[in-house]
Amino acid sequence: DTGVSQDPRHKITKRGQNVTFRCDPISEHNRLYWYRQTLGQGPEFLTYFQNEAQLEKSRLLSDRFSAERPKGSFSTLEIQRTEQGDSAMYLCASSLDRDRQQFFGPGTRLTVL
Amino acid sequence: AQRVTQPEKLLSVFKGAPVELKCNYSYSGSPELFWYVQYSRQRLQLLLRHISRESIKGFTADLNKGETSFHLKKPFAQEEDSAMYYCALSGHNQGGKLIFGQGTELSVKP
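Parameters at a glance
Residues numbered from 1 in each chain as written. Chains lettered and ligands numbered in written order. Predicted model: local features only at pLDDT ≥ 70, side-chain atom pairs only at ≥ 80, totals over all residues. Heavy atoms only, no water. Helix = DSSP H or I, 4+ residues; strand = E, 2+ residues; numbered from the N terminus. Rg over C-alpha atoms; globule rule 2.2 N^0.38 Å. Buried < 20%, exposed > 50% of the residue type's maximum accessible area, 1.4 Å probe, protein only. Contact = heavy atoms within 4.5 Å. Areas by Shrake-Rupley, 256 points an atom, 1.4 Å probe, with all protein chains shown as cover. Lys, Arg positive; Asp, Glu negative; His and termini not counted. Charge placed at Lys NZ, Arg CZ, Asp CG, Glu CD. Polar contact = N/O pair within 3.5 Å; in protein donor to acceptor, adjacent residues only side chain to side chain. Pairing = 2+ DSSP bridges.

(A) Expanded view of the overall build of chain B. In terms of helices and strands, chain B carries zero helices and 11 strands. Scanning chain B from its N terminus toward the C terminus, one meets helices and strands in the order β-β-β-β-β-β-β-β-β-β-β. The C-alpha radius of gyration of chain B comes to 13 Å, within 12% of the 13 Å expected for a compact globule of 110 residues. Across its three principal axes, chain B shows a C-alpha extent of roughly 45 × 30 × 25 Å. Burial statistics for chain B: of 110 residues in total, 47% are counted as buried. Looking at chain B alone, contacts between residues at least 24 apart form 59% of all its contacts between residues at least 6 apart. Accessible surface, chain B: about 5,700 Å² in total, of which carbon and sulfur atoms supply 48%. In chain B, the 14 positive side-chain charges and the 10 negative ones have mean positions that sit 5 Å from each other.

What follows is the structure in structure tokens.
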């Protein structure tokens, strides 16, 4: 296990298209977090899962965004009807439980034209 | 409101000079504070957390609850310390989610 992985690493899409990102956490990590990072800013929390349950969603996550974690393993983040303002780095992190260190993936860079 | 403030976007020092990256936070309660680091072309990784009271790569950080600060310090900077540094907090009963500051880019010149 080489750590948290994310796919794709880069995505370029046209405004209005739907995109889906995947995150594979470290095995046996029951917590999975999604963050978004725009240029010059720190990561901003979007949502998190404990196993398959989505326990919190940020107000940043409009209804165009949806995240799932079926069977408590990998997670997907889907953005529908993308807008130019969605252009950002989307980061995934996992941890063994809430009090443990979060390990980050390399991120998916989304560019909406 | 929960907030982490890093007042400096860029900090440039010469090798061997002391370094202090500032972090102030706003949180009603007792949060856990962290410093994360991102080296060029690498992923974000934990540098240290206040509850462990460790010194990692020569860096230390002391939580000052009175001043609501968690400044990162190193007595003698090395060129390999050049990176983006993010201060973050996690509140109680918040599922472990992290609130990050804007980050400070540290540049250590030879």
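(B) Structural detail: the side chain of Thr108 of chain A. All names here are of chain A. For Thr108, the position within the fold is in strand 11 (residues 108–112). Polar side-chain contacts of Thr108 include one of 2.5 Å to the backbone oxygen of Pro8. Among residues more than four places away in sequence, those in contact with Thr108 are Gln6, Asp7, Pro8, Arg9, Phe21, Ala88, Met89 and Tyr90.

(C) Just the sheet that holds strand 8 (residues 72–74) of chain B, in detail. All names here are of chain B. An order of 3-8-7 is seen for the three strands of this open sheet, with the pairing classed as antiparallel. The open sheet has two edge strands with one neighbour each: strand 3 (19–21) and strand 7 (60–61). Here strand 3 pairs with strand 8 via three bridges, running antiparallel. When the sheet's bridge partners are listed, Glu20 is paired in strand 8 with Lys73.

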